[in-house]
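Listed below are the residues making up each chain.
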Amino acid sequence: MAAFLLDVDTGIDDALALVYLAALPDTEFAAVTASPGNVDADQVARNTLALLELCGRPDVEVAIGARAPLSIPLLTTPETHGPQGIGHAVLPEPQGRLSPRNAVDLWIEKARGRPGELTALITAPLTNFALALRQEPDLPELLAGVVIMGGSFYYQGNTTPTAEWNTHVDPHAAKEVYAAYRGRPVDRLPVVCSLDTTERMELRPEHLRLLAEAAGASVPELVLPEQPEGQRSTSDNIVIRHLSDALRFYFEFHRLYDQGYLAHVHDFFAAGVAAGTLEYSARPATVDVEADSPLLAGTTVADFRGLWGFPPNARIVTDNNPAQAFTELVSTVGRLARERG
Ligand code: BDR
Ligand code: CA
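Residues numbered from 1 in each chain as written. Chains lettered and ligands numbered in written order. Predicted model: local features only at pLDDT ≥ 70, side-chain atom pairs only at ≥ 80, totals over all residues. Heavy atoms only, no water.

**Structural notes on the confidence of the model for the protein chain**
No. 1: Summary statistics for the protein chain give a mean pLDDT of 97 and a share of 100% for residues scoring 70 or more.
No. 2: Of all helices and strands in the protein chain, the one with the weakest mean pLDDT is helix α3 (residues 78–81) (88), whereas strand β6 (residues 191–193) scores best (99). (pLDDT = per-residue confidence, 0-100. Helix = DSSP H or I, 4+ residues; strand = E, 2+ residues; numbered from the N terminus.)

Here you go:
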């Protein structure tokens with residue numbers, strides 16, 4: 001049984017990551033915490049609770065920690081993920097309640113209670129994780145592993161020409177996190193899924209069609225570029241309907257930026273790395289973050305050659321296999337969608 005501690009800013013691709021992990025056999029969510037990022041923390045928590053309920057995981061503890069980045073005001077991105085963070089999807093109001101606990105305390109309590117058992121996955125700005133590392137510097141030893149979606153190394157940014165969104169929202173937190181890993185053994189270092197490889201994960205309408213087929217939906221799921229923007233899915237399968245409405249928005253957003261009618265599903269890839277189900281390779285590097293320069297805020301730099309003279313503090317994913325990833329997504333999420341009807 002794989003057990004996860006998640007920190008998310010749900011978010012269309014965070015949603016896909018959650019649904020994918022929930023669909024895997026024998027996965028446990030020790031807790032899922034909400035970071036402000038794509039939308040504010042309260043909306044992230046609502047989306048997360050609703051999605052977990054949709055996937056048949058109503059009992060997972062969902063908590064909020066920080067409500068803003070460490071040192072700068074919060075920036076959200078309704079143009080990328082829609083006003084509610086979930087594209088065109090309108091999720092049912094969650095029945096369950098938000099945990100009264102603070103996300104950072106919850107992470108520490110869970111990690112201390114189950115040393116070496118929990119894999120952490122962060123698909124959001126690193127604010128909560130930086131706060132957790134301040135409070136419990138032994139967190140890297142307590143966790144079984146850490147996977148981070150963030151950064152852009154030898155690749156252009158998606159928020160500024162050099163910065164990736166999660167790191168750009170809270171560059172000070174990211175800088176603290178990488179500093180906290182300096183000098184740790186290589187097998188303890190976070191695995192970092194940056195835009196260099198997450199932008200290879202191009203989910204297309206064809207994948208949605210295959211997913212609906214795997215789910216046994218009675219009508220083919222045809223999301224087409226010529227259809228009016230915002231057209232809603234009529235699928236009889238509730239999981240497919242919500243995923244399709246969410247992803248259509250992401251297709252429209254990527255097309256607006258001349259990337260094609262497709263969606264870069266960054267967080268889904270990071271989830272598969274955390275679960276050990278998706279193929280990838282990684283290389284140790286020393287990572288630092290530019291936090292304060294107006295020109296380069298949120299820019300991540302990787303030293304693969306030891307030119308700075310510091311030991312590695314991260315393992316950066318350098319290769320992955322999109323075809324394998326989408327085959328895995330279709331069969332795993334298809335099975336869950338079929339069960340949930
Ligand atoms: C990251 O930014 C967010 O908008 C996505 O959910 C993903 O985590 C990609 O840069
Ligand atoms: Ca995210």
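**A closer look at the coordination of the calcium ion (ligand 2)**
Six octahedral donors around a metal ideally sit at 90 or 180 degrees from one another, while four tetrahedral donors ideally sit at 109.5 degrees.
No. 1: Surrounding the calcium ion (ligand 2) are the protein donor atoms D9 (OD), D14 (OD), D14 (OD), T123 (O) and D267 (OD), which sit 2.3 to 2.5 Å from the metal.
No. 2: Counting along the primary sequence, the residues that act as donors to the calcium ion (ligand 2) give the motif D-x4-D-x108-T-x143-D. Taken together, the positions of T123 in the loop between β4 (118–122) and α5 (127–135) and D267 in helix α12 (residues 266–275) put the pair 144 residues apart, joining distant regions of the chain. In this pair, the class of T123 matches that of D267, namely buried. (Donors = N, O, S within 2.8 Å, 3.2 Å for Na, K, Ca; no water. Buried < 20%, exposed > 50% of the residue type's maximum accessible area, 1.4 Å probe, protein only.)

**Description of the packing of α5 against helix α8 (residues 171–180)**
No. 1: Taken N-terminus to C-terminus, the directions of α5 and α8 make an angle of 45°; their axes are 8 Å apart at the nearest point. Between α5 and α8, the interaxial angle falls into the category oblique. As α5 packs across α8, the resulting crossing turns out to be left-handed. Only A173, E176, V177 and A180 of α8 make contact with α5, whose side of the interface consists of T127, F129, A130, L133 and R134.
No. 2: A per-class count over the contact of α5 with α8 returns six nonpolar, one polar and two charged. (Axes fitted to C-alpha atoms, helices over the stretch in contact; angles between N-to-C directions. Parallel < 35°, antiparallel > 145°, perpendicular 65-115°, else oblique. Left-handed = near helix turned anticlockwise from the far one by under 90°. Contact = heavy atoms within 4.5 Å. Nonpolar A, V, L, I, M, F, W, Y, C, P; charged D, E, K, R; others polar.)

**Some thoughts on the site of ligand 1**
No. 1: Around ligand 1, a shell composed of 13 residues is seen, among which D13, N38, N158, E164 and D267 lie nearest.
No. 2: Here an oxygen atom of ligand 1 and a side-chain polar atom of N38 are 2.7 Å apart.
No. 3: With respect to ligand 1, the backbone of T123 contributes an N or O atom lying 3.2 Å from an oxygen atom.
No. 4: A total of 280 Å² of accessible area belongs to ligand 1 in isolation, and the protein chains cover 98% of it.
No. 5: When residues of the shell around ligand 1 are traced back to their parent elements, those giving at least two are α1 (12–23), α7 (165–169) and α12. (Near = heavy atom within 4 Å. Polar contact = N/O pair within 3.5 Å; in protein donor to acceptor, adjacent residues only side chain to side chain. Areas by Shrake-Rupley, 256 points an atom, 1.4 Å probe, with all protein chains shown as cover.)

**Some details on α1**
No. 1: Taking 1.5 Å per residue, 12 residues should reach 16 Å; α1 reaches 17 Å between its end C-alpha atoms and fits that length.
No. 2: Most of α1 sits inside the fold, with 12 of its 12 residues counted as buried.
No. 3: Within the sequence span of α1, burial applies to I12, D13, D14, A15, L16, A17, L18, V19, Y20, L21, A22 and A23. (Expected span 1.5 Å × (residues − 1).)

**So, unusual backbone geometry**
Outside of glycine, negative phi angles account for most residues, and trans bonds account for most peptide bonds.
No. 1: The linkage connecting T10 with the following residue, G11, adopts the cis geometry, with an omega of -5°.
No. 2: Tracing the backbone through its elements, the reader meets G11 in the loop between β1 (2–8) and α1.
No. 3: With a phi angle near 60°, D26 is a residue other than glycine that sits in the positive phi range.

**As for the pattern of salt bridges**
No. 1: Across all of its chains, the model carries 14 salt bridges by this definition.
No. 2: Residue R204 pairs with E202 through a salt bridge whose shortest N-O separation is 2.6 Å.
No. 3: The exposure class assigned to R204 is partly exposed, which follows from its relative accessible area of 37%.
No. 4: For E202, a relative accessible area of 28% corresponds to the partly exposed category.
No. 5: Shared partners join several salt bridges into a network, and the residues in it are E28, R114 and E117. (Salt bridge = Lys/Arg side-chain N within 4 Å of Asp/Glu carboxyl O.)

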